[in-house]
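# Inside the fold
Chain residues, written in single-letter form:
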Amino acid sequence: MNTINVRIEDNFWEDYSALVRDTVIPYQWQALNDRVEGAEPSYAIRNFRIAAGLEEGEFGGWVFQDSDLYKWLEAVAYTLRSQPDPKLEKIADEAIELIGQAQREDGYVNTYFTIKEPGREWTNLYDEHELYCAGHLIEAAVAYAEATGKRRLLDIACRFADLIDRLFGLDAGQKQGYCGHQEIELALVKLYYATGEQRYLKLSRYFIDQRGSLPSYFEEEWERRGRKGPWSDNKPNLEMYQSHLPVREQTTAVGHSVRAVYMYTAMADLARLTQDNSLKAACERLWDNTTRKQMYITGGVGSTHRGEAFTFDYDLPNDTVYAETCASIGLIFWARRMLQLEAKSEYADIMERALYNNVLGSMSRDGKHFFYVNPLEVWPEANKRNPDKQHVKPVRQAWFGCSCCPPNVARLLSSLNDYIYDVSTEENEIHVHLYIGSHLQFTSADGCDVSLRQRSELPWQGKVEFNVSLNEKHAGGTAFALLLRIPNWHQSCQPVLRINGEVQVYDVKNGYAQISRIWNDGDVVEWSIPVETKLIAANPQIRANAGKVAIQRGPLVYCVEEADNGVLLSSLSLTEESSLIEREASDLLGGCIVVEGEARRENTSEWLANELYKPLAAEPKKVRFTAIPYYLWGNREAGEMSVWLRNS
């Protein structure tokens, strides 16, 4: 792989970069310090101060509360990488020192066990997230060292990783366990990259290989605890934690969705780095099941609030959905690793779908309110009064007692430049996965320094342009293949490619348009992708969407809201010939393109106040409807929302 530098230069995404930098990160720092009025307390910083001996008190929050601070530090690192900020860096350095003060002599760092359960470390891997928190510490440490050149947090993380490496494995006296919530596995791969230490890669592989082996470590651990647990004394649910089978034998996405996709991410990393074809085959099987049978149109995964989990193929309810924000972020991590394993456009398609819809939709436009659950249908009265729907919120929350999602959004959006391109010197290829305006710098196979500047009008229009600049020493040009993803949302005709104004015939390789040639300084590539509004049908096996359609335009899924269409959205019916019209609404929700059309609405005025049922008689009346991009929903007054609409 080639060392590359990518800087985002995109009107749409720079707004989000600025929002994360100027609002989200400072706001989340206040939340971590329990300074957001009316929000649930975080306790994160307070826990570290107590663990460091700087103040007295009891542990607060969940057992994994430390990870919120680690994810925040990771987001800070990516932000500093793009735009240095001495004031923010000083705050981060002080937080890192606090973590160092809370670290024990043997390298152990975990405020829950330091404060609340000293002496019980590593006795309940199933429930208590020690390795999960360690993984997030490692990820933050690697990112911060890369961004700032400072090793303090990396040294803390390495000391902890060394302790874990001594404790876990197959040698005599070692624990043969693994974490109840996968995360350490993918983090150790990053630590291997940062340090070159093979033992970290070996430890990651151990955790993956050991999972699902017999006898079950989780069941043995439960027996040693006297069949007791902090939340339930029930026997461990191995399927919920993806430990029911060895990972290479798993074919279906089951259990807690975030745990699953984090594990699949590590599996893809290891398959590539160790050339493990059996692990690659497992990743491909699980990918197919997840994205072709258990994924929402918005890129959400995990359909039930019970265990935040997958259920079974095609079970995708819209109103009791879970689709946790962290799960879509994990799906993006996994898609990115699958692209590195093998560049196939379907992985980038899913990455784009989850990013533009589920992930962006999880955060308000002010950067201070968040969804944990991302529904496709909202009825506020039911969400308030029906116990089965109370996990679905019609408005975003300022913070959560379990606030894993907000800092996860921040770290993803601040590292988005890592998801746009892949450059391979071995293959002499540049893959463009996402059409996000950006400046890519890399060195071609013959040593030429190349600058590729992308200008993109997505998600609103399908015009993308690339400008090539070469090092002066290569006046004769340089050869490489440029591969442009052909999105799966284009419908009517193939995208058109022009180089220096001339239409080109291109080959298609794994869903990418491939252009292999000698490139010269000043070459201009124009890539025109048809962006059209389409009605989308669901597989008939998705019973929740029987007889319904959704609206999609380019990568954006649309929805209807009560604010534009009144109450009883369930009474609206669209038709194939709805004469969908696109309209630029510069004054709506910061500016967007809305979709309008004709629908039919059941005539509620024909019903008497005391009638619950009667013979079908009244003809629906014609009405106009307005749909907005899903990622913008919930930014006005609370009201009904629906992605899927009846199709008459």
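To start, this report covers the structure provided alongside it. (Residues numbered from 1 in each chain as written. Predicted model: local features only at pLDDT ≥ 70, side-chain atom pairs only at ≥ 80, totals over all residues. Heavy atoms only, no water.)

### What about the sheet that holds strand S5 (residues 438–443)?
The cut-off we apply is this: DSSP calls a pair of strands paired once it identifies at least 2 bridges connecting them. The helix count covers DSSP runs of H or I at least four residues long, the strand count covers runs of E at least two residues long, and both are numbered beginning at the N terminus.
In space, the seven strands of this open sheet follow the order S1-S5-S6-S7-S13-S9-S10, with antiparallel pairing throughout. Because the sheet does not close on itself, it has two edges, and the strands there are strand S1 (5–8) and strand S10 (502–503).

### As for the packing of helix H6 (residues 130–148) against helix H8 (residues 184–195)
Rules: Working convention: axes come from line fits to C-alpha atoms, limited for helices to the stretch in contact. Angles between N-to-C directions cover 0 to 180 degrees. Roughly parallel means an angle under 35 degrees; roughly antiparallel means over 145; roughly perpendicular covers 65 to 115; every other angle is labelled oblique. The hand of a helix crossing depends on one turn: near helix anticlockwise from the far one by less than a right angle means left-handed, and clockwise means right-handed. Any pair of residues with heavy atoms lying within 4.5 Å of one another is described as a contacting pair.
Running from amino to carboxyl end, H6 crosses H8 at an angle of 30 degrees, the nearest separation of the two axes being 8 Å. On the basis of their axis angle, the class for H6 and H8 is roughly parallel. Along this stretch, H6 crosses H8, giving a crossing that reads as left-handed. Contacts between H6 and H8 involve Leu-131, Ala-134, Gly-135, Ile-138, Glu-139 and Val-142 from the first element and Ile-184, Leu-186, Ala-187, Leu-188, Lys-190, Leu-191 and Ala-194 from the second.

### Details of the packing of aromatic side chains
The test is simple: Between the rings of Phe, Tyr and Trp (Trp by its six-membered ring), a pair exists once the centres lie within 6.5 Å; its type follows the angle of the planes, with under 30 degrees stacked, over 60 edge-to-face, and the other angles tilted. Think of it in three bands: with a 1.4 Å probe and only protein chains considered, a residue is buried below 20% of the maximum accessible area for its type, exposed above 50%, and partly exposed in between. Note on criteria: charge over ring means Lys NZ or Arg CZ within 6 Å of the ring centre, with the direction from the centre no more than 35 degrees off the ring normal.
According to the stated counting rule, one finds 37 aromatic pairs in the structure shown. Seen from their ring centres, Phe-12 and Tyr-16 are 5.6 Å apart, and the 50 degrees between their planes marks the pair as tilted. You can see Phe-12 and its partner Tyr-16 sitting in helix H1 (residues 11–32), four residues apart, about one turn around the helix. Taking the relative accessible area as the measure of exposure, Tyr-16 reaches 14% and is therefore buried. Relative to Phe-218, the ring of Tyr-178 lies with its centre 4.9 Å away and its plane at 65 degrees, an arrangement referred to as edge-to-face. With Tyr-178 in the loop between helix H7 (152–167) and H8 and Phe-218 in helix H10 (residues 217–224), this residue pair connects regions lying 40 residues apart in the sequence. Judged by its relative accessible area of 1%, Tyr-178 falls in the buried class. For Phe-218, a relative accessible area of 0% corresponds to the buried category. By the ring-pair criterion, three or more aromatic residues cluster together here, those being Phe-12, Trp-13, Tyr-16, Tyr-356, Trp-460 and Tyr-631. The ring of Tyr-217 carries the charged tip of Arg-224 above its face, separated from the ring centre by 5.3 Å.

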